[in-house]
Each structure stands twice: as C-alpha cells, then as structure tokens.
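Structure at a glance
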Amino acid sequence: LIQTLREGGRSMIGGRHRLRNALVVSEFTLSLMLLIGAGLLIRSFERVQQVDPGFAPNNVLAFRMALVGPAYDSATSRLTFYRQLFDRLQGLPGVESVGGSSILPLTGGLAWGSITVEGYHPPVGPSSIQADMRSTTDGYFATMKIPLRRGRVFNDLDTRTSQPVVIVDENLARSYWPDQDPIGRRLRLGDESDTAEVWRTVVGVVANVKQYALDGDSRVALYVPYVQREIGTLGVVVRTTNNPLSLASAVTREARALDPNLPIFDVKTMDQWLVESLARRRFAMVMLGIFAAIALVLAGIGIYGVMSYSVTQRTREMGIRSALGARPGEVVGLVVRQGMSLAGLGLLAGILAALVATRLMTSLLFGVSASDPVTYAALVAVLGGVALLACYVPARRAARVDPLVALRSE
C-alpha cells in the first residue's frame, strides 16, 4: 500500500508538471506586483482628492475671454467693458457673485516673474524671488471663496490713481515675513534693477491656492488689483445658486450683447477643471487596475487548472487514502496545501518584485509610500483568498472520490 501511494505521488513529477507549476508561480508574482501598483495608485488618488485646493470649486462657472481689436487698445476701454459685463452677469437670476483673474487655478495657465521684497536680501544666489502673479478683480476672492487670513481684499477704493496695493498668499508671507505682521510691508514687481515698477503695500493675506495641480506645491503667489495692472485676457468666474452649466448660455449671451465678435472659450465649471487636472493620474490608475484585474483572474484560473489536473491524475491515490480511513477533511487539506504552496511562492516573489517595481513609480504616488504596508497586506490577503478558493473547489471534489470508482479507474 505504501509503495502504491508513493507511485501515485510520483505521477505528478515530471518536466511538464514542473513547468506548469512554474507558470502558476509566475502568474501569481506578476498578478501581485500589478495589484500592489494599482493599489498604491488608488490610495494616492484618494489622498489627492482630499487635498484642499484653496478655493471652493462647487457651483462656479468659469470661462476665458480676450479683448482684441482697436476698440480695446486703451486700459480705460478694457476696464469699462469688464465693469459692464460684470454688472450684466450679476443681474442674472441665480448668480451670487462675479469675479475675474488673469490666471484661474488648475486651468493650465502660467504667469510668474521676479519680485523684490523690501528689506529682504537672500544669503546666497540671485537677489530676485520668483512668484506667481495674478491680476484680479475685487469680487474674485468672494466668488472663489478663497479664505482671507489677514487684512482685507480689494475694493472700490483701489483705483488706478490710488496707492498701489497687493495681496499675498500665506506661503509668501511666511517665507519673507516670518513671525511678523505682513500688513503694511512693501514689495515690487520685478528684480532689484527694475526701478520702473512702483512699491506696492501689502493689504491682505489669503490662503494658499493650488495653481497647477492638487499634488504639487505652487510658487509663492501675489495678487494685484486688475484696475492697477489690467491685461486683455481675463478668466471670469460666476458663482451660482444652482447648476452653473444651466447659466452657460445666458452668460455667453450677455457677453455677446456687448460685443458679438468677442472670443469666449473654455466655458466649464471649476469642478470640471479640477477633475481634468487629475486626468493623468486617473488614466494611470485605471490602466494599471485593468491589467491587475486580468492578471488576478489568470492567476486564479491557473492554480485552479493545475489543482484540477492534479486531482484527476491522483484519483486512484485519493481513493486508496479514503479506503484506508482518510477523512474528507484530510484529503481537502492535502490538495489545498499543495496548491497554496505554489501560491505562497508566487506571493513571496510578488512582494519582492513589487518592492523593486514600485520604486520606479514614485513620481505617480502622493501621500503614500512605495512600500506602504497596508496596501501590501491587503492585496496579499486578496490574492491569497483567490488562491485558497481556487484550491478548495478541486479539493472538495477529491474528498468526494468513491474508493471503488477510483480503484477501477486504471
């Protein structure tokens, strides 16, 4: 009997069986590596979505417009047009507030340059400071709900002939006036050699705004009144009490009423801009997730196929074991241990491979380590559960083998 059992066990030994087992181990290795990569991207995506952009994007319609042509050659004509437009938009039903900025956050626009902070002299390197610059109207901060930390926002008293003023963000205030009150301090656009620019007095400090991406740090930023530094192109934001897209046609109509040839483009909600800013990260997460799901299914099918074939080849052995008194649970345990040993090798190799591979995707991660233990543990458990289920089904079939039928099989 012992010799018969040994011969039954040897029936699974051979080059083809070793190759089949190696393929199953490889499937599990690849599957776990892809699952961990997808899991890290999913956790990163969740962390990015929790980042405060520095403004409230809900219920805000945004669009950009360019004042071009001889009618808008002068600063006065441009300012007059925008005042008329804002008055018209403010009168629309469902509109709470209207504002404008030369560059809107998360829309891909760039506007930065050198500034000079009065009394600040860097210890090494160039004397100029690189900062994001934006020209904004007095209703911009209220419309975007950018929190005011100190001082005031722009108002009607800030005109072309009044004292030049500026609002800075918390990063700039903390960097160049640490532990000091920035209100009343002065800075100038341009470097130290640019004496044509006037000194501007800081009248307010606002929260930091994510200008380029939710998962990246922006430069220090400052805002100047649009009336004191106007440009032809302006991003207009309209806060509404209902779905902002429902007012898109009305907003466009009001602008066309002032100038039917006016270029108006990028009519979207700020929520849409925020979602589009995550497009690259979302695409990488979805694609890797699809590959990981396919690999998971293939790994489960692979180990199920190997164990099913093993049970078929060892039908006689299982019958003899049952005839000698082996309980069904012992037969199930025998088959499951064989399958889980292959899965275990694959999981171990997958962990090692993932530790190496995820180092190459650190640029896509945010707020989570490439060796995050929670992600690794969760996905090892998921893949281990799939392996256990794939082994258990053939094992149950092996436990139900009738000894008489098994002994007649050969």
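Just so it is clear, the model here is predicted, and its values are computed rather than measured.

1. Description of the overall build of the protein chain
Along its length, the protein chain carries 12 helices and 11 strands. For the protein chain, the residues scored as buried account for 47% of the 410 residues in total. Pairs at least 24 apart in sequence give 81% of the contacts found in the protein chain among residues at least 6 apart. Accessible surface computed for the protein chain: about 19800 Å², of which carbon and sulfur atoms make up 58%.

2. Describing the packing of helix H3 (residues 75-90) against helix H6 (residues 248-258)
In a pair of packed helices, the angle between the axes and the distance between the axes together describe the arrangement. Where H3 contacts H6, the axes come no closer than 10 Å and their chain directions differ by 145°. For the pair H3 and H6, the sense of crossing is right-handed. The segment H3 lies against H6, with Phe81, Gln84, Leu85, Arg88 and Leu89 engaging Val251, Glu254, Ala255, Ala257 and Leu258. Class assignment of the residues belonging to the contact of H3 with H6 gives a composition of seven nonpolar, one polar and two charged.

3. Examining the packing of aromatic side chains
According to the stated counting rule, one finds eight aromatic pairs in the structure shown. Here Phe81 and Tyr82 contribute two aromatic rings whose centre-to-centre distance is 5.6 Å and whose plane-to-plane angle is 75°, an arrangement assigned as edge-to-face. With relative accessibility at 4%, the residue Tyr82 sits in the buried group. Ring centres of Tyr82 and Phe86 lie 6.3 Å apart, and the angle between their planes is 50°; this geometry places the pair in the tilted category. With Tyr82 and Phe86 both in helix H3, this residue pair falls four residues apart, about one helical turn. Of the two residues examined, Tyr82 and Phe86, each falls in the buried class. Through a chain of ring-to-ring contacts, three or more aromatic side chains come together here, namely Tyr72, Phe81, Tyr82, Phe86 and Tyr226. The aromatic ring of Trp273 is capped on one face by Lys268, whose charged end is 4.2 Å from the ring centroid.

4. Considerations on the environment of Ala207
When you line up the elements, Ala207 lands in the loop between strand E8 (199-206) and strand E9 (221-225). Separated by 38 residues in the primary sequence, Ala207 and Asp169 place their C-alpha atoms 5.6 Å from one another. Setting aside its immediate chain neighbours within four residues, Ala207 contacts Ile146, Pro147, Arg149, Asp169 and Glu170.

5. Quick word on the environment of Thr159
Secondary-structure assignment places Thr159 in the loop between strand E5 (148-151) and strand E6 (165-169). With relative accessibility at 30%, the residue Thr159 sits in the partly exposed group. Spatially, the C-alpha atoms of Thr159 and Val227 are 5.9 Å apart, while their sequence positions differ by 68 residues. With near-sequence residues (within four places) excluded, Thr159 lies in contact with Val227 and Gln228.

6. Focus on the pattern of salt bridges
Side chains that differ in charge, positive against negative, can pair when their charged atoms come close. On inspection of all chains with the given rule, the structure shows 12 salt bridges. Salt-bridge contacts for Asp372 lead to Arg43; the nearest nitrogen and oxygen are separated by 2.3 Å. In this pair, Asp372 is assigned in the loop between helix H10 (328-357) and helix H11 (373-399) and Arg43 in helix H2 (residues 15-49), connecting sequence segments 329 residues apart. For Asp372, a relative accessible area of 10% corresponds to the buried category. The partly exposed category is assigned to Arg43, whose relative accessible area is 22%. Beyond isolated ion pairs, a larger network of salt bridges with shared partners links Asp132, Arg134 and Arg219.

7. Quick word on helix H7 (residues 270-277)
Turning to H7, its buried residues are Met270, Trp273 and Leu274. For H7, the buried positions fall inside an angular range of 100° around the axis, keeping them on one side.

8. Details of the layout of surface pockets
Looking at the largest pocket, its volume works out to about 440 Å³. In terms of lining, the largest pocket is formed by 24 residues, of which the most central are Arg83, Thr137, Asp138, Asp156 and Val227. At the level of elements, H3, strand E2 (95-101) and helix H4 (140-144) are the ones that each hand at least two residues to the lining of the largest pocket. Broken down by class, the residue content of the lining of the largest pocket amounts to 10 nonpolar, eight polar and six charged. In this model, the second largest pocket occupies a volume close to 160 Å³. Arg149, Arg150, Glu170, Ala173, Arg174, Trp177, Pro178, Asp179, Gln180, Pro182 and Val205 together form the lining of the second largest pocket. Mapped onto the lining of the second largest pocket, the elements with two or more residues apiece are E5 and helix H5 (170-176).

9. Comments concerning the confidence of the model for the protein chain
Low pLDDT means the predicted atomic positions in that stretch should not be read closely. Mean pLDDT over the protein chain works out to 85, with 87% of the residues at or above the 70 mark. Mean pLDDT in the protein chain bottoms out at helix H1 (residues 2-10), which sits at 52, and peaks at E6, which reaches 96.

10. Remarks on the environment of Asp259
Following the sequence through the fold, Asp259 ends up in the loop between H6 and strand E11 (264-269). The exposure class assigned to Asp259 is buried, which follows from its relative accessible area of 15%. As a C-alpha pair, Asp259 and Leu67 span 192 residues in sequence and 9.6 Å in three-dimensional space. Those residues in contact with Asp259 that lie beyond four places of it in its chain are Tyr72 and Phe81.

11. Focus on the pairing of strand E7 (residues 186-189)
Inspection of the sheet shows strand E3 (residues 112-117) paired to E7 by three bridges, in the antiparallel sense. Residue Thr116 lies in a different strand from E7, and its bridge partner there is Arg188. For E7 and E8, the ladder comprises three bridges, and the chain directions are antiparallel. Note on E8: the bridge partner recorded for Arg188 is Trp199.

What counts and what doesn't
- Residues numbered from 1 in each chain as written.
- Predicted model: local features only at pLDDT ≥ 70, side-chain atom pairs only at ≥ 80, totals over all residues.
- Heavy atoms only, no water.
- Helix = DSSP H or I, 4+ residues; strand = E, 2+ residues; numbered from the N terminus.
- Buried < 20%, exposed > 50% of the residue type's maximum accessible area, 1.4 Å probe, protein only.
- Contact = heavy atoms within 4.5 Å.
- Areas by Shrake-Rupley, 256 points an atom, 1.4 Å probe, with all protein chains shown as cover.
- Axes fitted to C-alpha atoms, helices over the stretch in contact; angles between N-to-C directions.
- Left-handed = near helix turned anticlockwise from the far one by under 90°.
- Nonpolar A, V, L, I, M, F, W, Y, C, P; charged D, E, K, R; others polar.
- Phe/Tyr/Trp six-rings, centres within 6.5 Å; stacked < 30°, edge-to-face > 60°.
- Lys NZ or Arg CZ within 6 Å of the ring centre and 35° of its normal.
- Salt bridge = Lys/Arg side-chain N within 4 Å of Asp/Glu carboxyl O.
- Arc of directions from axis to C-beta.
- 1 Å grid on protein atoms, 1.4 Å probe; cavity = no way out; pocket = protein on both sides within 12 Å on 5 of 7 lines; lining within 4 Å.
- Points joined across faces, edges and corners; volume = space filled by probe spheres on them.
- pLDDT = per-residue confidence, 0-100.
- Pairing = 2+ DSSP bridges.

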